[in-house]
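Below, each chain spelled out in residue letters.
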Amino acid sequence: MGEKGKREDTVHLEQWEQEVEKVLKGRKMSSLMKHTYEGITLKPLYMDKSKRQIVPNSQTAWKISQQIQVEAADQAANKIQRAKERGQDSFYFSDFSFIEHCSDVKAIVQFLNFSEDKLIINMGAQLGFLPLFIASIAEREVGKLDGTVGFDPFESFLVNGNDNISLSTRFNYLKETVEWGEQYAPDLRFIYINGTLYHDAGANAVQELVYTFSNAIDTVNELLNRGLAIDTIVRKITFAFSIGSNYFMEIAKFRAAKQIWASIVHALDGSEEGQKINVHAVTSLFNKAAYDVHVNLLRTTTEAFSAIIGGVNHLTITPFDHMLGESSELGERVARNIHFILKEESLLAKVKDPAGGSHYIEALTAELAKEAWDQIKQLDSDGGFKKALANGTVQNELKLMMEERIDKINTGKSEIIGTNAFANIKDEIHMKENKEKVEKVIPLKDENTSFTELLNSAKKGKTLKQLTSLLYSKESLFTIKPLERRRLTEHFESLRQQAEKYRNKTGYLPKINVIVIGELKDYKPRLDFLSNFFAAGGFELAVTDISELEQLKNKETAVLCGTDDEYKNLSNIKEQLDVKHLYITGKQSPELLSTYGIDECIYYGMNMYKFLKELHLKIGGEGK
């Protein structure tokens, strides 16, 4: 751009700022800027005319990779058959609690066509699944396998803190599976770097990128040290990311991920083809709510949209009622159909890199990529990912970010519709109990079992648990502090469940007596605020005019609701009411509280969760 063009842009920007500040009635345009969890400042205007960034592998023809969650092999087979009939072309598994023998796997895959259908299988801690899977399918079909049947070497430690299979055994096992795959299943990937774990522990977009790729760097280096070539390794890696609710940030995250991976592979002398990343995106569980579950439909739709614009390869959309413990057939069908709406009606699969050229997204992508790359290099120079886990750096950083997020939820600065804002007080949930069996197995072996030996054992009829246990050893195990993963709404949901317990005992929800003062037009804004506030804890409002105080004698709690001017006219209100706990709406002076014997103010920005939890205890609830 020439000097004249730069001067014209400066003039236009100044004029735009002047007009904006007129509308803002004197406030500076900088007041429109927002600060993100990533430490990035979002500006109200982006006028960057720099060269468009080249994002490697920016296709949008994603695979419909819905999760198959069942309790028996025949159920899985039926689900796969129905899903295929309805257009699904990729199948995601992460739970193997129902699999025991080769016969179970054979039942599951009977309707799969390995020439057409792709698989995304995260083995997690069940490393014996791969040899069982290979032994279960016809030899002639092995070469057709396309997709991922893999695991993240660090996942069990991140989830549980330790494991019976040592870290070195995992890397040895990975090396052997990659070598086997090069010969027999060239299109199958065995390394599944699971970035969803960091997202569920509260990570912001920068942290997700930093820890996911630092994990990958350590894994790649371990395999390089075991004699594998860089291009062989990177062809066998799939990256998993959760999709958050910050629409543009998520688009930028996926685009930045492609640039970062290309830079890492290039730095390790990998080929241009090896620089292309394979991404499996899963709509976030972190921000989904068990109450008002249909709102989850809106969340997953926008999340899916942002992942597609970001150019992911495989997309899993979580059913809206997944939070209840078991997805319904309706939830699964609607989730699958969101793919088709975005693909066939919105035609998103027809455009390559649709976000390219957007000044805002380009700038956000560049800033994310730079910040993440700088931190990745710093973490690597400090000793790498394994060391950062061992000394607790990763866990502590994520815990701080989680606390910041929870604090904003608790104070209402971040709203989750249906939970801490606009909660439906009549909504009830019936969550299926998750009965997980934790089996403690003492390691007995001194030597490692090879992948080939496991494959032979699978062909001889060993069960999944037996195959996995063959990898247990007496070798010194890597032990760390596990990640603290949770959903944002869990603690508010516990309040709602406490209110439901109260209703089961008494026949009605806990009630809060609100005394309105003055005219409706004056107190209604604060009354609406109170209704929203208490609904988040499962409380109903019982509204009484101040002229009818006799009705509220000997009550547990009461809340005054009026304008600040009306409050000035109160006198010995607590004595008239004879209530144990008296509150007032709006932030008031300590003098006023003392004068009228009021316990506490209720106002926007207070810690509503703490207040509601204590209120449950006061009215006889069990609390949490």
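The preceding data block contains the structure.
Residues numbered from 1 in each chain as written. Predicted model: local features only at pLDDT ≥ 70, side-chain atom pairs only at ≥ 80, totals over all residues. Heavy atoms only, no water.

Engineer: Would you explain the sheet that holds strand E4 (residues 90-93) in this entry?
Structural biologist: Backbone hydrogen bonds are what pair the strands of a sheet, in a parallel or an antiparallel way. The strand order E3-E4-E5-E6-E7-E8-E9-E10 describes a closed barrel built from 8 strands, whose pairing is parallel. The sheet shows a mean angle of 25 degrees between the axes of neighbouring strands, taken without regard to direction. Across 4 bridges, strand E7 (residues 188-194) lies against strand E8 (residues 237-243) in parallel orientation. From the neighbouring strand, isoleucine 191 faces E8, where its bridge partner is isoleucine 237. (Pairing = 2+ DSSP bridges. Helix = DSSP H or I, 4+ residues; strand = E, 2+ residues; numbered from the N terminus. Axes fitted to C-alpha atoms, helices over the stretch in contact; angles between N-to-C directions.)

Engineer: Where do I start with the packing of aromatic side chains in this structure?
Structural biologist: Two measures describe an aromatic ring pair: the distance that separates the ring centres and the angle between the ring planes. The final tally for this structure, using the stated rule, is 28 aromatic pairs. Their ring planes at 35 degrees and their centres at 5.4 Å tell us that tryptophan 180 and tyrosine 184 sit as a pair that is tilted. Taken together, the residues span about one helical turn, with tryptophan 180 and tyrosine 184 both in helix H7 (residues 167-184) at a distance of 4 residues. For tyrosine 184, a relative accessible area of 42% gives the class partly exposed. When the centroid spacing of 6.2 Å and the interplanar angle of 20 degrees are considered together, the rings of phenylalanine 213 and tryptophan 261 count as stacked. Taken together, the residues phenylalanine 213 in helix H9 (residues 205-225) and tryptophan 261 in helix H11 (residues 247-267) connect sequence positions 48 residues apart. Here phenylalanine 213 falls in the buried class, since its relative accessible area comes to 0%. Among the aromatic residues, those joined into a cluster by ring pairs are Phe529, Phe533, Phe534, Phe539, Tyr583 and Phe611. For lysine 343, the ring lying beneath its charged end belongs to tryptophan 62, and the centroid distance is 4.7 Å. (Phe/Tyr/Trp six-rings, centres within 6.5 Å; stacked < 30°, edge-to-face > 60°. Buried < 20%, exposed > 50% of the residue type's maximum accessible area, 1.4 Å probe, protein only. Lys NZ or Arg CZ within 6 Å of the ring centre and 35° of its normal.)

Engineer: Which parts of the structure should I look at to understand helix H12 (residues 295-310)?
Structural biologist: In an α-helix, one turn spans 3.6 residues; hence positions three or four apart end up facing the same way. With 16 residues, H12 should reach 22 Å at 1.5 Å per residue; the first-to-last C-alpha distance of 23 Å fits that figure. Taken together, the buried positions of H12 are Val295, Asn296, Arg299, Thr300, Glu303, Ala304, Ser306, Ala307, Ile308, Ile309 and Gly310. Against E8, H11, strand E9 (279-283), strand E10 (314-316) and helix H13 (329-345) lie the buried residues of H12. Once H12 ends, the next one or two residues include glycine 311, with phi positive near 85 degrees. (Expected span 1.5 Å × (residues − 1). Contact = heavy atoms within 4.5 Å.)

Engineer: Explain the sheet that holds strand E11 (residues 511-516) to me, please; I cannot follow it from the model alone.
Structural biologist: With respect to topology, 5 strands assemble into an open sheet ordered E12-E11-E13-E14-E15, the strand pairing being parallel. Unpaired on one side and paired on the other, strand E12 (540-545) and strand E15 (600-602) mark the two borders of the sheet. Shown here is a sheet whose adjacent strand axes are inclined to one another by a mean of 30 degrees, direction ignored. Direction of pairing for strand E13 (residues 557-561) relative to strand E14 (residues 581-585): parallel, over a ladder of 4 bridges. Considered in E14, the bridge of leucine 560 is made with isoleucine 584. Against the sheet, helix H20 (residues 520-535) contacts E11, E12, E13, E14 and E15, and its axis sits at roughly 145 degrees relative to E13. This element, helix H24 (residues 608-618), spans E11, E13, E14 and E15 of the sheet and lies at about 155 degrees to E14.

Engineer: So what exactly am I meant to see when it comes to the pairing of strand E6 (residues 147-151) here?
Structural biologist: Along any regular strand the residues' side chains alternate between the sheet's two faces. Among the 5 residues of E6, 5 are classified as buried, and the element is accordingly described as predominantly covered. Side-chain alternation along E6 places Gly147, Val149 and Phe151 on one buried face and Thr148 and Gly150 on a second face that is also buried. Pairing geometry for strand E5 (residues 118-122) and E6, over 4 bridges, is parallel. When the sheet's bridge partners are listed, isoleucine 121 is paired in E6 with valine 149. Alignment of E6 against E7, held across 3 bridges, turns out to be parallel. From the neighbouring strand, threonine 148 faces E7, where its bridge partner is arginine 189.

Engineer: Whenever I open this one, the pattern of salt bridges confuses me. Can you help?
Structural biologist: Two side chains of opposite charge can pair, provided their charged atoms sit close to one another. Per the stated rule, a full pass over the model turns up 25 salt bridges. For aspartate 146, the salt bridge identified is with lysine 118, shortest N-O distance 2.4 Å. Residue aspartate 146 is located in the loop between helix H5 (139-142) and E6, and its partner lysine 118 is located in strand E5; the two are separated by 28 residues in the primary sequence. Residue classification places aspartate 146 among the partly exposed positions, given a relative accessible area of 26%. A salt bridge links glutamate 493 to arginine 487; the nearest nitrogen and oxygen atoms lie 2.9 Å apart. (Salt bridge = Lys/Arg side-chain N within 4 Å of Asp/Glu carboxyl O.)

Engineer: I tried to follow the nonpolar core on my own but got confused; where do I start?
Structural biologist: Soluble, globular proteins show a tendency: their nonpolar side chains are buried together. Ranked by internal contacts, the top residues of the largest apolar core, which has 124 residues, are Phe129, Phe133, Phe213, Trp261 and Leu315. The next biggest cluster of nonpolar side chains, apart from the first, holds 29 residues, and it includes Ile512, Val514, Cys561 and Phe611. (Core = buried A, V, L, I, M, F, W, Y, C linked by side-chain atoms within 4.5 Å.)

Engineer: Which parts of the structure should I look at to understand the side chain of lysine 253?
Structural biologist: Here lysine 253 shows up in helix H11. Lysine 253 has contacts with Ala205, Glu208, Leu209, Ser242, Ile243 and Leu368, leaving out every residue within four places of it along the chain.

Engineer: Can you walk me through the pairing of E11 in this structure?
Structural biologist: Burial analysis of E11 places 5 of its 6 residues in the buried class, the great majority of the element. Alignment of E11 against E12, held across 6 bridges, turns out to be parallel. For valine 514, the partnering residue across the bridge sits in E12 and is valine 543. In this fold, E11 hands off to H20, which returns the chain to E12; that crossover is right-handed. Alignment of E11 against E13, held across 4 bridges, turns out to be parallel. When the bridges of E13 are listed, valine 514 appears paired with valine 559. (Right-handed = clockwise from strand over helix to strand, strands pointing away.)

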